[in-house]
Amino acid sequence: MPGFELFSDLERNEVNDVLQSGVLMRYGFDGMRNGHWKAKELEAALENTLQSKHVQLVSSGTAAVSVALAAAGVGAGDEVIMPTFTFVASFEAIMMLGAIPILVDIDDTLGLNPEAVEQAITPKTKAIMVVQMCGSMANMEALQAISNKHNLLLVEDACQAIGGTFKGKPLGSIGDLGCFSFDFVKTITCGEGGAVITNNKDYYLNADHYSDHGHDHVGNDRGAESHPFLGYNFRISELHAAVGLAQVKRLPEFLKIQKGNYSILREALSVIPEVTFRTVPEGGEESYAFLSFFLPNLDMARQASEAFKTNGVDGCFHYFDNNWHYIRKWDHLKNLKTLYPISTEVKNGLAYLQTKTFEKSDDYIARNISCLIKLSWTEDEVKARASKMVEAIKQIVKG
Ligand SMILES: *Cc1c(COP(=O)(O)O)cnc(C)c1O
(Lines give C-alpha, C1' and ligand atoms only; values in the text may rest on other atoms or scores of the structure.)
Protein backbone atom coordinates (compact mmCIF):
# COMPACT_ATOMS: atom_id res chain seq x y z
CA MET A 1 0.00 0.00 0.00
CA PRO A 2 2.30 2.82 1.02
CA GLY A 3 3.11 5.19 -1.83
CA PHE A 4 6.22 6.27 0.06
CA GLU A 5 7.88 3.04 -1.02
CA LEU A 6 8.20 4.46 -4.51
CA PHE A 7 9.23 8.11 -3.97
CA SER A 8 11.06 9.40 -7.03
CA ASP A 9 12.16 12.58 -8.78
CA LEU A 10 8.49 13.26 -9.53
CA GLU A 11 7.79 13.94 -5.84
CA ARG A 12 11.08 15.82 -5.37
CA ASN A 13 10.47 18.10 -8.38
CA GLU A 14 6.96 19.04 -7.24
CA VAL A 15 8.27 19.92 -3.76
CA ASN A 16 11.15 21.91 -5.23
CA ASP A 17 8.70 24.05 -7.23
CA VAL A 18 7.11 25.07 -3.95
CA LEU A 19 10.40 25.72 -2.19
CA GLN A 20 11.63 27.85 -5.09
CA SER A 21 8.63 30.15 -4.95
CA GLY A 22 8.81 30.11 -1.14
CA VAL A 23 5.01 30.08 -0.75
CA LEU A 24 4.19 27.15 1.52
CA MET A 25 0.58 28.26 2.09
CA ARG A 26 -2.21 27.12 -0.20
CA TYR A 27 -4.22 30.39 -0.11
CA GLY A 28 -3.15 33.94 -1.03
CA PHE A 29 0.31 35.29 -1.89
CA ASP A 30 -0.88 35.34 -5.50
CA GLY A 31 1.99 37.48 -6.79
CA MET A 32 4.80 35.62 -5.06
CA ARG A 33 3.83 32.07 -5.90
CA ASN A 34 4.99 32.04 -9.49
CA GLY A 35 1.87 30.29 -10.75
CA HIS A 36 2.24 27.34 -8.34
CA TRP A 37 -1.08 26.23 -6.83
CA LYS A 38 -0.28 22.66 -5.81
CA ALA A 39 -3.32 22.19 -3.54
CA LYS A 40 -5.67 23.46 -6.25
CA GLU A 41 -4.00 21.23 -8.83
CA LEU A 42 -4.25 18.22 -6.56
CA GLU A 43 -7.95 18.96 -5.96
CA ALA A 44 -8.53 19.07 -9.72
CA ALA A 45 -6.62 15.81 -10.22
CA LEU A 46 -8.63 14.11 -7.47
CA GLU A 47 -11.93 15.36 -8.92
CA ASN A 48 -10.95 13.54 -12.07
CA THR A 49 -9.62 10.37 -10.39
CA LEU A 50 -12.54 10.12 -7.96
CA GLN A 51 -15.20 11.23 -10.46
CA SER A 52 -16.50 13.75 -8.01
CA LYS A 53 -17.64 17.32 -8.68
CA HIS A 54 -15.89 18.81 -5.68
CA VAL A 55 -12.79 18.01 -3.65
CA GLN A 56 -11.61 19.90 -0.57
CA LEU A 57 -8.15 19.02 0.67
CA VAL A 58 -7.58 19.13 4.42
CA SER A 59 -4.76 18.39 6.85
CA SER A 60 -5.52 14.70 7.54
CA GLY A 61 -8.01 11.90 7.08
CA THR A 62 -9.26 12.45 10.62
CA ALA A 63 -9.87 16.12 9.76
CA ALA A 64 -11.63 14.99 6.57
CA VAL A 65 -14.15 12.94 8.56
CA SER A 66 -14.83 15.80 10.99
CA VAL A 67 -15.07 18.37 8.20
CA ALA A 68 -17.39 16.13 6.14
CA LEU A 69 -19.77 15.66 9.07
CA ALA A 70 -19.65 19.35 10.00
CA ALA A 71 -20.20 20.39 6.37
CA ALA A 72 -23.43 18.38 6.35
CA GLY A 73 -24.56 19.87 9.66
CA VAL A 74 -23.86 17.00 12.06
CA GLY A 75 -23.24 18.28 15.58
CA ALA A 76 -24.10 18.21 19.27
CA GLY A 77 -26.17 15.22 20.32
CA ASP A 78 -26.55 13.76 16.83
CA GLU A 79 -25.94 10.03 16.55
CA VAL A 80 -23.59 8.72 13.87
CA ILE A 81 -23.65 4.98 13.18
CA MET A 82 -20.19 3.51 12.57
CA PRO A 83 -18.58 0.05 12.52
CA THR A 84 -16.76 -1.73 15.37
CA PHE A 85 -13.87 -2.40 12.99
CA THR A 86 -12.24 0.80 11.76
CA PHE A 87 -9.43 3.14 12.79
CA VAL A 88 -9.82 5.12 16.06
CA ALA A 89 -10.12 8.27 13.93
CA SER A 90 -13.79 7.43 13.23
CA PHE A 91 -15.03 8.05 16.75
CA GLU A 92 -12.50 10.82 17.39
CA ALA A 93 -13.87 12.77 14.43
CA ILE A 94 -17.49 12.24 15.52
CA MET A 95 -16.84 13.20 19.14
CA MET A 96 -14.92 16.32 18.15
CA LEU A 97 -18.25 17.73 16.96
CA GLY A 98 -20.07 16.80 20.16
CA ALA A 99 -21.87 14.03 18.28
CA ILE A 100 -22.29 10.45 19.53
CA PRO A 101 -20.68 7.45 17.83
CA ILE A 102 -23.03 4.45 17.74
CA LEU A 103 -20.93 1.36 17.08
CA VAL A 104 -22.54 -1.59 15.32
CA ASP A 105 -21.48 -5.00 14.06
CA ILE A 106 -19.70 -5.75 10.82
CA ASP A 107 -20.28 -8.71 8.49
CA ASP A 108 -18.04 -10.87 6.30
CA THR A 109 -17.27 -7.88 4.05
CA LEU A 110 -15.40 -6.50 7.13
CA GLY A 111 -17.68 -3.47 6.73
CA LEU A 112 -20.96 -2.34 8.31
CA ASN A 113 -23.59 -5.04 8.68
CA PRO A 114 -26.74 -3.48 7.13
CA GLU A 115 -29.11 -5.29 9.53
CA ALA A 116 -27.18 -4.03 12.53
CA VAL A 117 -27.29 -0.52 11.07
CA GLU A 118 -31.04 -0.59 10.65
CA GLN A 119 -31.53 -1.84 14.21
CA ALA A 120 -29.42 1.01 15.59
CA ILE A 121 -31.42 3.83 14.01
CA THR A 122 -33.16 6.15 16.50
CA PRO A 123 -34.81 9.57 16.13
CA LYS A 124 -31.39 11.08 16.92
CA THR A 125 -29.56 9.30 14.09
CA LYS A 126 -28.20 11.78 11.58
CA ALA A 127 -25.65 9.82 9.57
CA ILE A 128 -24.36 6.39 8.68
CA MET A 129 -20.60 6.34 8.40
CA VAL A 130 -19.41 3.41 6.34
CA VAL A 131 -15.69 2.64 6.53
CA GLN A 132 -14.19 0.85 3.54
CA MET A 133 -11.55 -1.08 5.43
CA CYS A 134 -8.46 -2.72 3.97
CA GLY A 135 -9.04 -1.84 0.34
CA SER A 136 -12.55 -3.24 -0.06
CA MET A 137 -16.13 -2.25 0.71
CA ALA A 138 -19.23 -2.87 2.75
CA ASN A 139 -22.54 -3.85 1.18
CA MET A 140 -23.11 -0.42 -0.39
CA GLU A 141 -26.38 -1.27 -2.09
CA ALA A 142 -28.06 -2.23 1.18
CA LEU A 143 -26.55 0.73 3.04
CA GLN A 144 -27.68 3.18 0.38
CA ALA A 145 -31.19 1.74 0.54
CA ILE A 146 -31.24 2.17 4.34
CA SER A 147 -29.93 5.72 4.21
CA ASN A 148 -32.52 6.63 1.57
CA LYS A 149 -35.37 4.95 3.42
CA HIS A 150 -34.59 6.73 6.70
CA ASN A 151 -33.40 9.96 5.09
CA LEU A 152 -29.95 9.73 6.66
CA LEU A 153 -26.63 11.03 5.41
CA LEU A 154 -24.29 8.37 4.06
CA VAL A 155 -20.67 9.34 4.74
CA GLU A 156 -17.98 7.11 3.28
CA ASP A 157 -14.58 6.81 4.91
CA ALA A 158 -12.49 5.51 2.01
CA CYS A 159 -9.14 6.33 3.63
CA GLN A 160 -7.89 2.78 3.05
CA ALA A 161 -9.56 2.14 -0.27
CA ILE A 162 -8.52 4.70 -2.87
CA GLY A 163 -8.73 3.03 -6.27
CA GLY A 164 -11.44 0.53 -5.31
CA THR A 165 -14.80 0.75 -7.10
CA PHE A 166 -18.41 -0.34 -6.70
CA LYS A 167 -20.41 -0.76 -9.91
CA GLY A 168 -17.78 1.31 -11.67
CA LYS A 169 -17.93 4.20 -9.18
CA PRO A 170 -14.83 5.04 -7.14
CA LEU A 171 -15.17 4.15 -3.46
CA GLY A 172 -15.68 7.41 -1.58
CA SER A 173 -17.89 8.82 -4.33
CA ILE A 174 -20.96 6.72 -3.53
CA GLY A 175 -22.10 8.33 -0.28
CA ASP A 176 -23.22 11.96 0.13
CA LEU A 177 -19.66 12.76 1.17
CA GLY A 178 -16.44 10.74 1.00
CA CYS A 179 -13.26 11.02 3.05
CA PHE A 180 -9.67 10.17 2.18
CA SER A 181 -6.36 10.16 4.05
CA PHE A 182 -2.98 10.79 2.53
CA ASP A 183 -1.00 10.09 5.70
CA PHE A 184 2.39 8.47 5.42
CA VAL A 185 1.19 4.85 5.18
CA LYS A 186 -1.70 5.22 2.75
CA THR A 187 -1.75 4.13 -0.91
CA ILE A 188 -0.91 7.66 -1.98
CA THR A 189 0.67 9.96 0.55
CA CYS A 190 1.25 13.66 1.11
CA GLY A 191 3.17 12.99 4.34
CA GLU A 192 0.03 14.21 6.12
CA GLY A 193 -3.17 15.18 4.34
CA GLY A 194 -6.74 14.28 3.58
CA ALA A 195 -9.69 15.13 1.35
CA VAL A 196 -13.45 15.51 1.49
CA ILE A 197 -15.26 14.77 -1.76
CA THR A 198 -18.89 15.45 -2.66
CA ASN A 199 -21.19 16.26 -5.55
CA ASN A 200 -23.16 18.62 -3.31
CA LYS A 201 -22.05 22.21 -3.84
CA ASP A 202 -23.32 23.44 -0.47
CA TYR A 203 -21.46 20.74 1.43
CA TYR A 204 -18.35 21.56 -0.60
CA LEU A 205 -18.52 25.28 0.12
CA ASN A 206 -19.11 24.53 3.80
CA ALA A 207 -16.04 22.26 3.84
CA ASP A 208 -13.95 24.86 2.00
CA HIS A 209 -14.84 27.62 4.48
CA TYR A 210 -14.91 25.51 7.64
CA SER A 211 -11.43 24.08 7.07
CA ASP A 212 -10.00 27.62 6.88
CA HIS A 213 -11.50 29.57 9.82
CA GLY A 214 -14.80 30.14 8.01
CA HIS A 215 -13.11 32.38 5.38
CA ASP A 216 -15.31 32.43 2.27
CA HIS A 217 -12.35 32.67 -0.17
CA VAL A 218 -14.05 35.32 -2.28
CA GLY A 219 -11.80 37.56 -4.41
CA ASN A 220 -8.06 37.49 -5.03
CA ASP A 221 -5.29 37.58 -2.47
CA ARG A 222 -7.65 37.14 0.47
CA GLY A 223 -8.57 40.84 0.22
CA ALA A 224 -12.35 40.84 0.46
CA GLU A 225 -13.09 37.79 2.55
CA SER A 226 -15.84 37.56 5.11
CA HIS A 227 -16.84 34.88 7.61
CA PRO A 228 -20.29 33.44 7.01
CA PHE A 229 -19.77 31.08 9.98
CA LEU A 230 -17.18 29.89 12.51
CA GLY A 231 -14.48 27.53 11.33
CA TYR A 232 -11.16 26.00 12.30
CA ASN A 233 -7.82 25.44 10.63
CA PHE A 234 -7.64 22.10 8.87
CA ARG A 235 -5.63 23.40 5.89
CA ILE A 236 -3.13 21.34 3.95
CA SER A 237 0.18 23.03 3.12
CA GLU A 238 1.53 23.49 -0.41
CA LEU A 239 4.50 21.26 0.43
CA HIS A 240 2.25 18.37 1.39
CA ALA A 241 -0.03 18.93 -1.59
CA ALA A 242 3.01 18.92 -3.90
CA VAL A 243 3.96 15.40 -2.77
CA GLY A 244 0.36 14.26 -3.29
CA LEU A 245 0.24 15.77 -6.76
CA ALA A 246 3.15 13.60 -7.86
CA GLN A 247 1.65 10.57 -6.15
CA VAL A 248 -1.87 10.87 -7.58
CA LYS A 249 -0.42 10.78 -11.09
CA ARG A 250 1.17 7.44 -10.18
CA LEU A 251 -1.99 5.90 -8.69
CA PRO A 252 -2.74 3.70 -11.74
CA GLU A 253 0.82 2.35 -11.57
CA PHE A 254 0.48 1.69 -7.80
CA LEU A 255 -2.88 -0.07 -8.24
CA LYS A 256 -1.48 -2.31 -10.96
CA ILE A 257 1.40 -3.39 -8.74
CA GLN A 258 -0.97 -3.99 -5.80
CA LYS A 259 -3.28 -6.14 -7.88
CA GLY A 260 -0.37 -8.19 -9.24
CA ASN A 261 1.12 -8.89 -5.81
CA TYR A 262 -2.29 -9.55 -4.25
CA SER A 263 -3.17 -12.06 -6.97
CA ILE A 264 0.00 -14.11 -6.44
CA LEU A 265 -0.63 -14.33 -2.68
CA ARG A 266 -4.33 -15.07 -3.06
CA GLU A 267 -3.79 -17.79 -5.59
CA ALA A 268 -1.23 -19.46 -3.31
CA LEU A 269 -3.53 -19.34 -0.24
CA SER A 270 -6.52 -20.59 -2.26
CA VAL A 271 -5.13 -24.13 -2.28
CA ILE A 272 -5.79 -24.42 1.48
CA PRO A 273 -9.44 -25.45 1.96
CA GLU A 274 -9.54 -24.00 5.51
CA VAL A 275 -8.73 -20.51 4.21
CA THR A 276 -11.69 -18.37 3.10
CA PHE A 277 -11.60 -14.81 1.85
CA ARG A 278 -13.58 -11.73 2.81
CA THR A 279 -16.74 -11.21 0.77
CA VAL A 280 -16.53 -8.50 -1.85
CA PRO A 281 -20.06 -7.33 -2.76
CA GLU A 282 -21.19 -8.13 -6.30
CA GLY A 283 -20.15 -5.30 -8.59
CA GLY A 284 -17.28 -4.36 -6.29
CA GLU A 285 -13.62 -4.24 -7.21
CA GLU A 286 -11.07 -4.02 -4.42
CA SER A 287 -8.12 -1.63 -4.50
CA TYR A 288 -6.00 -4.65 -3.53
CA ALA A 289 -4.25 -2.67 -0.80
CA PHE A 290 -4.65 -5.67 1.56
CA LEU A 291 -5.34 -9.37 1.27
CA SER A 292 -7.87 -10.28 3.98
CA PHE A 293 -8.76 -13.87 4.79
CA PHE A 294 -10.35 -15.99 7.51
CA LEU A 295 -9.05 -19.06 9.32
CA PRO A 296 -11.43 -21.54 10.99
CA ASN A 297 -11.06 -20.14 14.53
CA LEU A 298 -9.38 -17.61 16.82
CA ASP A 299 -6.69 -19.97 17.97
CA MET A 300 -5.54 -20.76 14.45
CA ALA A 301 -5.55 -17.08 13.47
CA ARG A 302 -3.40 -16.26 16.50
CA GLN A 303 -1.00 -19.04 15.67
CA ALA A 304 -0.78 -17.94 12.03
CA SER A 305 -0.13 -14.35 13.05
CA GLU A 306 2.72 -15.52 15.32
CA ALA A 307 4.13 -17.88 12.71
CA PHE A 308 4.18 -15.10 10.11
CA LYS A 309 6.16 -12.89 12.48
CA THR A 310 8.64 -15.66 13.29
CA ASN A 311 9.16 -16.35 9.60
CA GLY A 312 9.70 -12.74 8.57
CA VAL A 313 6.30 -12.31 6.91
CA ASP A 314 5.73 -8.70 8.01
CA GLY A 315 2.70 -6.42 7.51
CA CYS A 316 0.01 -8.95 8.49
CA PHE A 317 -2.52 -7.81 11.09
CA HIS A 318 -4.62 -9.92 13.44
CA TYR A 319 -6.89 -7.07 14.49
CA PHE A 320 -8.51 -9.01 17.34
CA ASP A 321 -5.41 -8.41 19.44
CA ASN A 322 -4.67 -4.90 18.18
CA ASN A 323 -5.81 -1.70 19.88
CA TRP A 324 -5.90 0.66 16.89
CA HIS A 325 -8.61 -0.87 14.77
CA TYR A 326 -11.05 -2.92 16.82
CA ILE A 327 -13.43 -2.10 19.67
CA ARG A 328 -12.23 -4.93 21.92
CA LYS A 329 -9.21 -2.91 23.07
CA TRP A 330 -10.58 0.63 22.88
CA ASP A 331 -10.56 1.08 26.64
CA HIS A 332 -9.97 4.83 26.33
CA LEU A 333 -13.28 5.12 24.48
CA LYS A 334 -15.23 2.74 26.73
CA ASN A 335 -13.93 4.52 29.86
CA LEU A 336 -14.35 7.99 28.30
CA LYS A 337 -10.78 9.04 28.98
CA THR A 338 -10.85 12.59 27.68
CA LEU A 339 -8.44 15.38 28.56
CA TYR A 340 -11.31 17.77 29.12
CA PRO A 341 -14.90 17.52 30.30
CA ILE A 342 -17.41 16.25 27.76
CA SER A 343 -21.14 16.87 27.75
CA THR A 344 -23.52 14.77 29.79
CA GLU A 345 -25.44 14.10 26.59
CA VAL A 346 -22.38 12.45 25.00
CA LYS A 347 -21.56 10.58 28.23
CA ASN A 348 -25.08 9.19 28.42
CA GLY A 349 -25.07 8.51 24.71
CA LEU A 350 -21.98 6.31 25.10
CA ALA A 351 -23.14 4.42 28.20
CA TYR A 352 -24.24 1.51 25.98
CA LEU A 353 -20.57 0.62 25.45
CA GLN A 354 -20.39 -0.67 29.03
CA THR A 355 -22.73 -3.55 28.30
CA LYS A 356 -23.20 -4.00 24.58
CA THR A 357 -21.51 -7.04 23.05
CA PHE A 358 -20.58 -7.53 19.42
CA GLU A 359 -20.59 -11.29 18.83
CA LYS A 360 -20.73 -11.08 15.04
CA SER A 361 -17.82 -8.65 14.85
CA ASP A 362 -15.86 -10.74 17.37
CA ASP A 363 -16.38 -13.84 15.27
CA TYR A 364 -15.14 -12.24 12.04
CA ILE A 365 -12.28 -10.27 13.54
CA ALA A 366 -11.12 -13.22 15.68
CA ARG A 367 -10.64 -15.31 12.54
CA ASN A 368 -9.42 -12.59 10.19
CA ILE A 369 -5.89 -11.78 9.10
CA SER A 370 -5.26 -8.84 6.77
CA CYS A 371 -1.91 -8.54 5.04
CA LEU A 372 -0.67 -5.26 3.63
CA ILE A 373 0.28 -5.48 -0.05
CA LYS A 374 3.54 -3.65 -0.61
CA LEU A 375 4.54 -1.88 -3.80
CA SER A 376 8.27 -2.48 -3.52
CA TRP A 377 8.31 -6.28 -3.52
CA THR A 378 10.06 -8.05 -6.38
CA GLU A 379 8.26 -10.99 -7.96
CA ASP A 380 10.65 -13.37 -6.19
CA GLU A 381 9.91 -11.73 -2.85
CA VAL A 382 6.15 -12.11 -3.32
CA LYS A 383 6.54 -15.75 -4.27
CA ALA A 384 8.82 -16.48 -1.33
CA ARG A 385 6.31 -14.76 0.97
CA ALA A 386 3.46 -16.78 -0.52
CA SER A 387 5.19 -20.09 0.12
CA LYS A 388 6.10 -19.11 3.70
CA MET A 389 2.47 -18.17 4.40
CA VAL A 390 1.10 -21.37 2.85
CA GLU A 391 3.63 -23.47 4.75
CA ALA A 392 2.77 -21.82 8.08
CA ILE A 393 -0.99 -22.11 7.62
CA LYS A 394 -0.82 -25.75 6.46
CA GLN A 395 1.09 -26.64 9.61
CA ILE A 396 -1.48 -24.91 11.80
CA VAL A 397 -4.63 -26.33 10.22
CA LYS A 398 -3.10 -29.82 10.34
CA GLY A 399 -3.01 -29.32 14.14
C1 LIG B 1 -5.79 6.48 8.19
C2 LIG B 1 -7.24 6.44 8.45
C3 LIG B 1 -7.93 7.57 8.95
C4 LIG B 1 -7.25 8.79 9.44
O5 LIG B 1 -6.39 9.40 8.55
P6 LIG B 1 -5.19 10.32 9.10
O7 LIG B 1 -4.77 11.03 7.86
O8 LIG B 1 -4.14 9.42 9.63
O9 LIG B 1 -5.76 11.23 10.11
C10 LIG B 1 -9.31 7.49 9.07
N11 LIG B 1 -9.98 6.38 8.77
C12 LIG B 1 -9.35 5.28 8.30
C13 LIG B 1 -10.16 4.08 7.93
C14 LIG B 1 -7.96 5.26 8.17
O15 LIG B 1 -7.35 4.15 7.75
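Residue indices follow the written sequence of each chain, beginning from 1 at its first position. This being a predicted model, a pLDDT of at least 70 is required before a residue's local features are given, and a value of 80 or more before pairs of side-chain atoms are given or counted; all residues contribute to the totals for chains, interfaces and linings. Only hydrogens and water are set aside when side-chain values are computed; all heavy atoms of the structure are taken into account.

Naming follows an unreviewed UniProt entry, where the protein appears as DegT/DnrJ/EryC1/StrS family aminotransferase of Hwangdonia lutea. If you open the UniProt record of the protein and go to Sequence similarities (unreviewed entry), you find "Belongs to the DegT/DnrJ/EryC1 family." UniProt positions are given in the numbering used here, feature names are shortened, and annotations may be inferred rather than shown by experiment.

Novice: Where do I start with the overall build of the protein in this structure?
Specialist: Looking only at helices and strands, the protein has 14 helices and 14 strands in total. Computation of the radius of gyration draws on C-alpha atoms, with the globule rule given as 2.2 Å multiplied by the number of residues to the power 0.38. For 399 residues, the compact-globule estimate of 2.2 N^0.38 gives 21 Å, and the C-alpha radius of gyration of the protein, at 21 Å, lies within 12% of that figure. Each of the three principal axes of the protein carries a C-alpha extent, and together these read 70 × 50 × 40 Å. Counting over 399 residues, the protein shows a buried share of 57%. Partitioning the intrachain contacts of the protein with sequence separation of at least 6 by distance along the chain shows that 69% fall at a separation of at least 24. Surface exposure here means Shrake-Rupley accessible area, sampled with a 1.4 Å probe, where a residue is shielded only by the protein chains that are shown. Put simply, the protein shows about 16700 Å² of open surface, and 52% of that area lies on carbon and sulfur atoms. In the protein, 37 positive and 49 negative side-chain charges are present, and the distance between their average locations comes to 2 Å. Helical segments are the DSSP runs of H or I of at least four residues, strand segments are the runs of E of at least two, and each set is numbered from the N terminus. For every residue, the accessible area obtained with a 1.4 Å probe (protein chains only) is divided by the maximum for its type, and the residue is called buried under 20%, exposed over 50%, and partly exposed between those limits. Contact definition: two residues touch when any of their heavy atoms are within 4.5 Å. Note on charges: Lys and Arg go in the positive column, Asp and Glu in the negative column, and His and the chain ends are not counted at all. Throughout, a charge is located at the NZ atom of Lys, the CZ atom of Arg, the CG atom of Asp or the CD atom of Glu.

Novice: Is there a simple way to think about the layout of surface pockets in this case?
Specialist: Think of a ball as big as a water molecule: rolled over the atoms, this probe shows where empty space is left. Only protein atoms enter the 1 Å grid used here, on which a cavity is any set of points holding a 1.4 Å probe that cannot leave and a pocket is any open set flanked by protein within 12 Å on both sides along at least five of seven lines; residues with an atom within 4 Å of a point are listed as lining. Grid points are joined across faces, edges and corners, and a volume is the space filled by probe spheres set on the points. By volume, the largest pocket is sized at about 560 Å³. Along the wall of the largest pocket there are 28 residues; nearest its centre are Phe87, Gln160, Val185, Lys186 and His325. Breaking the lining of the largest pocket down by element, the ones donating at least two residues are α3 (61–71) and α4 (89–96). With three residues, the top contributor of residues to the lining of the largest pocket is α3. In the scheme used here, Gly and all other residues not listed as nonpolar or charged are polar, with Ala, Val, Leu, Ile, Met, Phe, Trp, Tyr, Cys and Pro taken as nonpolar and Asp, Glu, Lys and Arg as charged. Considered class by class, the residues forming the lining of the largest pocket number 14 nonpolar, 10 polar and four charged. Both domain 1 (3–250) and domain 2 (252–398) contribute no fewer than three residues apiece to the lining of the largest pocket. Domain borders in the structure are assigned automatically or taken from a domain database.

Novice: Any chance you could explain helix α7 (residues 201–210) here in plain terms?
Specialist: Note on helix geometry: an α-helix contains 3.6 residues per turn, so any two residues three or four positions apart are oriented the same way. Along α7, the positions that sit buried rather than exposed are Tyr203, Tyr204, Ala207, Asp208, His209 and Tyr210. Within 3.5 Å is the distance limit for a polar contact, defined as a pair of N or O atoms, with the added protein rule that one can donate a hydrogen and the other accept it, and that residues adjacent in sequence qualify only through two side-chain atoms. Backbone nitrogen of aspartate 202 and a side-chain oxygen of the N-cap are separated by 2.9 Å at the start of α7; the cap is asparagine 200.

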